[in-house]
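# Structural overview
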Amino acid sequence: MELSTSILLTIALAPLVGCLLAGFFGRFIGRAGAHTVTILGVAIACGLSIYVLYQLTAGGAPVYNHNIYTWFEIGQYSAHVGFLIDRLTAMMMVVVTFVSLLVHIYTIGYMHEDPGYQRFFSYISLFTFSMLMLVMSNNFMQLFFGWEAVGLVSYLLIGFWFKRPTAIFANLKAFVVNRVGDFGFLLGIAGVLYFLGTLDYATAFSAAPTLVGKTLQITQNTHWDAATVICIFLFIGAMGKSAQVPLHVWLPDSMEGPTPISALIHAATMVTAGIFMVARMSPLFELSDTALSFVMVIGATGALFTGLIGIVQNDIKRVVAYSTLSQLGYMTVALGVSAYAGAVFHLMTHAFFKALLFLGAGSVIIAMHHEQDMRYMGGLRKYMPITWITMWIGSLALCGVPFFAGFYSKDAIIEAVGESHRWGSNYAYFCVMAGAFVTALYTFRQMYLTFHGKERFTVVHDHSHGHHVEHKDDHGHHEPGIMHQTPHETPWVVTLPLILLAIPSIVVGAFAIKPLLYGEWFGSAIHVNEANNVLGELGKEFHSWVGMALHGFTQLPFLLVLTAFAIQTYIYLFNPSVADRIKNALKPIYNVLNHKYWFDAVYYIVFARGGIALGRALWKGGDTAVIDGVLVDGSAGLVDRIAGGVRRLQSGYLYHYAFAMILGLILLLGGYWLVGQ
Amino acid sequence: MFNHLLSLLIWLPIVGAIPVLLAGSSRPNAARWISLLVAIATFAVSLYLLPQYNASDAAKQMVEDHLWIAGLNVHYALAVDGIAIALILLTTLVGILVIVGAWEVIQVNPHQYMAAMLVLEGLMIGVFCATDALLFYVFFEAMLIPMFILIGVWGGPRRVYATLKFFIYTFFGSIFMLVGLIYLYLKAGTFDLAQLAALPLSMKEQTWLFFAFLIAFAVKVPMVPVHTWLPDAHVEAPTGGSVVLAAVMLKIGGYGFLRFSLPITPDASEAYAWVVIGLSLIAVIYIGYIALVQEDMKKLVAYSSVAHMGFVTLGIFIAFMLVRGNNNLDAAKLGVQGAMVQMISHGFVSGAMFSCIGVLYDRLHTRQIKDYGGVINVMPWFGFFYVLFAMANCGMPGTSGFVGEFQVILASFQANPWIALFAAFTLIISAAYTLYLVKRVLWGDITNSHVAEMKDINGREWFVLGVFAAGTLVLGIWPEPLVHLMDSSVSQLVTQLGNHKI
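Below, the structure is looked at part by part. Throughout, a residue's number is its position along its own chain's written sequence, starting from 1. Following the order in which they are written, the chains are lettered starting with A and the ligands numbered starting with 1. The predicted origin of the model limits local features to residues at a pLDDT of at least 70 and limits the giving and counting of side-chain atom pairs to 80 or more, whereas totals for whole chains, interfaces and linings rest on all residues.

## Notes on the overall build of chain A
- The helix and strand inventory of chain A stands at 26 helices and 6 strands.
- Each of the three principal axes of chain A carries a C-alpha extent, and together these read 120 × 70 × 60 Å.
- Burial in this document is a count-based property: other C-beta atoms within 10 Å of a residue's C-beta are tallied, and the residue is buried at 20 or more, exposed at 12 or fewer, or partly exposed in between, with C-beta positions derived from the backbone. Counting across all 677 residues of chain A, residues that qualify as buried make up 55%. Think of it this way: any DSSP run of H or I at least four residues long counts as a helix, any run of E at least two long counts as a strand, and we number them from the N terminus.

This is the structure we're talking about:
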C-alpha cells in the first residue's frame, strides 16, 4: 500500500501546530496547555512515523517520492517542497520524533520553575518540525531549509537564558560557525545544479554517473574533479552542522542551553544531520575516493582528539559534549570508508544512549540544584538510583561493551575501518582504536566522580530559605559544594524518559545489526560501489548477534575498555590523589587539552577580533577617509575653495573692474599684435 | 475596460495629497485619515491591476500613450510588465505602512509629511510605469524633491548635510543619464524605450552610454564606491523616509539597469559586466565588514542594504556571462529572477528593519547600539519581530531574504564558481553583523533604567511589523507566484540580451 500524503503532512505539521499554539497563545493556554499541545503534536508525529516505518518494512509499501508544491520554476530549473520517504528517512523520522517526545516529557520536570516554560516548548516543537523537514526532503532546497531552520532553533535554544552573557555569546558563535559550514554546503548545492541540472534527489542521483570525468576549471591550468569538488563542499556543510574538526568549536559552548536541548539537538538529532546528509548523498560520494578520504581523516581526527579533551573536563555536561564530538567523529569515519549504513546505525544507537546520558546528567543537575561541576558531586548513587543505573547503561553502551547497543555499531565501524584500503585508513584505524580507550577513560571517570566515592558536598539545612526556588538563570550564584537540601531522585517525568531510553540503549544494537548492516534493509536509499563495500565483506563473517558479542570480549577494543576501567576504578575509587599526580606529571599535555588545543583562542583572535579590526580599517580608511573624505567632501571642498578664490575677484570696487578691463584690453590687443607679427 | 488605470495609480496619491495639505496643521487627524484613505485606495487600485494583467504575455500591457511635448516628440507613455507590477505592488503596500507608521510619531506638521509621502509614492509609481525615457527621467528626478523635504524637515540633527549630500549625489549621477538620453534622442528622434532598445549603436557609442547609465543607477542602488550618501541619508531621515528609501527608492536603480543598460547597450554591458560583477562582490564582502563595526543601528542596516543590493546587480549582470558566454538562457533567467526577488524581498526586510529601529528610537530617542541591551526583557513581541527580520536579513530559508540570494548564487556558479564563492560569503558575514546587532540590542540583561521603562509595541506598530512579517514569510515559503508574475517579462528580457547591436 502506498504511503499517504496526508499522513506525511500530518507528521511534519503536527509539531509546527504545537509550536505555534504554545508560542503565540502560551499566555492563554498556560503552562499545562503549552506542554499538552506540543506533546500531543510530537506524539502524533511519533506514532505516525512508527506507522510509516511499519508500512515500509512489514507493509511492503514502495518508496514515496512526491512533490507537495512548486517553490519556484524558472525554465529548466525548479525547486519544490516534497517528501522522499524510504527506509533511511523513516528510521530517522522515528529516531527524531521518539527522542523528541521523551525530551518533551522530560522538560516538564526540568523546566517547571522556568518563566520561559511555554517559549521552551514552542522552540523544541519548532525544532522537531524543522528536523522532520530536513530528513523528509526529496530535494536539496528543502534540505537546506531544514538545515538552516534547525540552526535557527539551535541559536534560539542555546541563548534560551538570554540574560547570561555566556549563553548569548555561545549562540552567536554557534550560528556563525555553522554558517561557515553552510557556506560550503550552499556551494555544493550550486555545484550539483551546475553539473546535474537539478535540485531533485532522485534525478540528481540517477544522473550522478555522468559526473565521472567532468572537471571544474579553477584557474587557467587547474581543473578539479567535479565529484570531488561537489562532495567536499557538501561535506563542509556537514562539518559545521555535525561539529567536525576544525568547525567543532561551537558544540561545547552550546552546553549553555538547557539540558533537554543538549540531549535532543546537540547530541541525538541535529548534530547528526550531517551524517544523515552524507549517507543520503552516497551516490555522489561514492564517485570520489579523494572526498571520502578527506571525510575519513577529518572524522578520525575528531574521534580521537576531541575525546581526549573530555578527560580533563569537570563540568558534567561538557564531558558528554566532548564525547558527542568524538562519537560524531566515529560516524564520519564510517562514512569515509563507505560504511554509510554503519554510520547511520551508530547514529541511531548513539541517539538513544547519548540522549540518555544527557538527560541523566540533567537529572543529576536538578538533584544538585544546578551544580554542574563534578568536583562537588560524588556518592550520588544512593540518592538517585534510577538515574544512576540508567546512566551506567548509557555509559556501557557508549564504551561499546558487548551486548549493549553501542558495541554493535561501534565495533562494526572499527572493523570496517580495518577492512578499508582507502588512503588514510591506517591513520583512521589507529584513531578509532585509541578513541575506544579514551572513551572509556572519560566515561568511567565521569561515572565515578558523579555517583561513586565520597560525597564532596555538604548539606546545610537552611530553613529560612524555605523551598529553594533558585532560578536557573542565577546559576553559579551559590557557593560550590554547599547544598541546602539533600539530593533526591527526580520526579517521574524525568526518570521515565531515562528508562525508556535505557531500553533501546541495551537492545537496539542486537536487534538491528543484522538487517541494517548486513542485509539489504536500506535498499536503494544507500548506494555503495562493489569495490568499496567493506560492510559486505564483514557481513560474510557475521553469523549472529550473540556470536559477535561473545567474539567481542576477546577483541582489542574491549580489552582497551577493560584497561581503562581498571585504571579509573583504581584512581577514583581507591586512590584519588593519583589523578592529581598524573595531572602534574603530564602538565604540558594537560595544558594542551585544557586549552582545547587553543582552537577557541586562535579563532577568537583571528576571526572575531580580526574581523572587527578589518571592518574598522575598511570603514575609517575606505569609506570615511578615501571615498567621503577625498572624493565626496573633497570635491565639495574643492568647489568651495575655487568659488572662494574666484569670489574675491568680485570685490565691488569700480577701480578693480576698470583695472581688469584695461588689463584685458592690453592683453587682447597685445595678443592680436603678436599674432599679426 | 477602464484604460487609464496606470494614470489613476500615479495621480491618485499625488492629487490626494492636496486635501491632506488643505487639512492643515490645525486638523492633524483629518490629514492622517485622509492620507491613509488615499494610500489604501492606491493600494486597492494596484490590486485591481493584478488580475487585469496577463502574466503569460510578455508584451507591455495597459498601454497609455499621449503626445506630451510635440517639439521633442516626448510622449506621456505608460505601460507595465510583470517586473513593474511587482515593484508597484511593493510601493503601494509600503505606502500604507509608512502612513500608519508615522501616525503619532510625526507631531510637527503631519499634514505636510503625509502629503510629501503621497506625492513621493505617486512619483515612484510613475517611474515604474513610464515607457518614455524622458518621462522616466522626469519622475526619476522629481522623486528627489519630496525625499529632500522629508529628510531636510523631519530629519535628525545633521539633516541639512545629509539631505544636501543625498540630493547632489543622486543628481550628479542622473545628469550623465540625461546627457545619454539627449544623445539617443538626437540619433533616434524619439524617447520611446522600445525604439531605443532596437536602435543600432556602435561599440563606442554603447560604451559611453553604458557608463552614463551606470553612474546614474549605481548611485541610486547604491553600488560601491558611490554608496556613501546612503548611510548619512538613512541616519538623518525620519523612520518613514528611511523605510521608503530602502524599500522602494533603491530598487529604482536596479530597475533602471533592467530598462536602460540591458536593452539599449547590450554589447557594452557584456563587455563591462565584469566591472559591475566585481563591484557587486566588493559590496557583499567589503560592506559586510564595514557593517560589522557600526555603532549606529541605522548605519548598520544602511550598510547591510548596500550589501544586499549587491545581489541585485550581480544577478542582473551575471545574465550576460550566461547568455553570451555559456548560452545558458535558463540560468540567466534564474539570475535575473533572483535579482528581482531580492529587490522585493529587500523591500520588505529593510523596510521592516528600519521600522524596528523607529520603534526603538521613538522610545529612547537614540540609535546608538550601546544605549540598548536586554530589550527582549521588556518588549517580547518586539523581540519576536526583530529576530524574524534579522533572520530574513541574513538569508534564512523560509523568509524572503533567502530566495533571491539562493537563486543568484545558483546562477553565479553556472557562470563561474569563483563568483559564487565570493557571493556566498554573505552567509557568514551577514549572519555575523546582523546577529551581533541582535545580541547587543535584544539579548542580555537590562543594561540601564531607560531600557527598563520601555513599553512593548502597540497595536499600530504591531500592524506595521505584522504586515512586513507576512510579506517576508509568504514570499519565503512560496515564491512561485511572484516568480510566475515576472516570468514572461524576464524571459523576454533575457532573450533580448542575446541580440547583438553591432
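## Remarks on the overall build of chain B
- Along its length, chain B carries 22 helices and 2 strands.
- Atoms counted for the radius of gyration: C-alpha only. Globule rule: 2.2 Å times residue count to the power 0.38. Here the C-alpha atoms of chain B give a radius of gyration of 22 Å, agreeing with the 23 Å that 2.2 N^0.38 yields for 502 residues.
- C-alpha extents for chain B along the principal axes are approximately 70 × 55 × 40 Å.
- Residues counted as buried form 65% of the 502 residues belonging to chain B.

## Description of the environment of Lys-501 of chain B
All names here are of chain B.
- Tracing the chain through its elements places Lys-501 in the segment after helix 22 (480-497).
- For the pair Lys-501 and Val-438, spaced 63 residues apart in sequence, the C-alpha to C-alpha distance is 50 Å.
- Whether two residues are in contact depends on their C-beta atoms, placed from the backbone: they are in contact if these lie within 7 Å. Setting aside anything within four residues of it in sequence, one finds Lys-501 in contact with Pro-200, Leu-201, Gln-206, Pro-266 and Asp-267.

## Some details on the pairing of strand 1 (residues 64-74) of chain A
Residue and element names in this part refer to chain A.
- Bridging between strand 1 and strand 2 (residues 77-85) involves 9 bridges; their strand directions are antiparallel. Looking across to strand 2, one finds that Glu-73 is bridged to Ser-78.
- Connecting strand 1 to the antiparallel partner strand 2 that follows it, the hairpin turn spans 2 residues, and Gly-75 within it adopts a positive phi of roughly 55 degrees. Strands were regarded as paired on the criterion that DSSP finds at least two bridges between them.

## Remarks on unusual backbone geometry
- In this structure, the amide linkage connecting Val-245 of chain A to the following residue, Pro-246 of chain A, adopts the cis form with an omega of 5 degrees.
- Within the secondary structure layout, Pro-246 of chain A lies in the loop between helix 8 (226-241) and helix 9 (250-253).
- Cis geometry is found at the peptide bond from Val-224 of chain B to Pro-225 of chain B, where omega equals 5 degrees.
- A positive phi angle, near 55 degrees, is found at Lys-596 of chain A, a position not held by glycine.
- When you line up the elements, Lys-596 of chain A lands in the loop between helix 24 (587-594) and helix 25 (599-647).
- For Lys-596 of chain A, a count of 19 C-beta atoms within 10 Å translates into the label partly exposed.
- A positive phi angle, close to 55 degrees, is found at Asn-73 of chain B, a residue other than glycine.
- For Asn-73 of chain B, the position within the fold is in the loop between strand 1 (61-69) and strand 2 (74-80).

## Considering the interface of chain A and chain B
- Residue-level contacts link 44 residues of chain A with 40 residues of chain B.
- Residue assignment for the side of chain A that touches chain B shows that the elements contributing at least two residues are strand 1, helix 5 (140-158), helix 6 (165-196) and helix 25 of chain A.
- Of the residues forming the side of chain A that touches chain B, the biggest block, 15 residues, is contributed by helix 6 of chain A.

## A closer look at the environment of Lys-241 of chain A
All names here are of chain A.
- Looking at the element boundaries, Lys-241 is found in helix 8.
- Judged by local crowding, Lys-241 falls into the buried class, with 27 C-beta atoms found within 10 Å.
- In sequence terms Lys-241 and Thr-272 are 31 residues apart; their C-alpha atoms lie 7.7 Å from each other.
- Contacts of Lys-241, omitting those with residues within four sequence positions, involve Trp-147, Asn-178, Gly-181, Val-271, Ala-273 and Gly-274.

## A short note on the packing of helix 4 (residues 110-129) of chain B against helix 11 (residues 239-264) of chain B
Residue and element names in this part refer to chain B.
- It is the contact of helix 4 with helix 11, at a shortest axis distance of 11 Å, that shows an interaxial angle of 15 degrees. Considering the angle they form, helix 4 stands roughly parallel to helix 11. As helix 4 packs across helix 11, the resulting crossing turns out to be left-handed. Every residue of helix 11 that contacts helix 4 at Met-117, Leu-120, Met-124, Val-127 and Phe-128 is listed here: Gly-240, Val-244, Val-248, Met-249, Ile-252 and Tyr-255.
- For the contact of helix 4 with helix 11, the residue count by class is 10 nonpolar, 1 polar and no charged. Note on definitions: angles span 0 to 180 degrees between N-to-C directions of axes, and those axes are lines fitted to C-alpha atoms, for helices only across the stretch in contact. Note on angle classes: values under 35 degrees are labelled roughly parallel, values over 145 roughly antiparallel, values of 65 to 115 roughly perpendicular, and the remainder oblique. Left-handed describes a crossing whose near helix is turned anticlockwise from the far helix by less than a right angle; the clockwise case is right-handed. The nonpolar class holds Ala, Val, Leu, Ile, Met, Phe, Trp, Tyr, Cys and Pro. Asp, Glu, Lys and Arg form the charged class, and all remaining residues, Gly among them, are polar.

## Regarding helix 1 (residues 5-23) of chain B
Residues and elements named next belong to chain B.
- Between its first and last C-alpha atoms helix 1 spans 27 Å; for 19 residues at 1.5 Å apiece the expected length is 27 Å, and the two agree.
- Listing the buried residues of helix 1 in full gives Leu-5, Leu-6, Leu-9, Ile-10, Leu-12, Pro-13, Ile-14, Gly-16, Ala-17, Val-20 and Ala-23.
- Looking at the buried side of helix 1, the elements it contacts are helix 2 (28-52), strand 1, strand 2, helix 3 (82-102) and helix 4. In this scheme, a helix's expected span is set at 1.5 Å multiplied by one less than its residue total.

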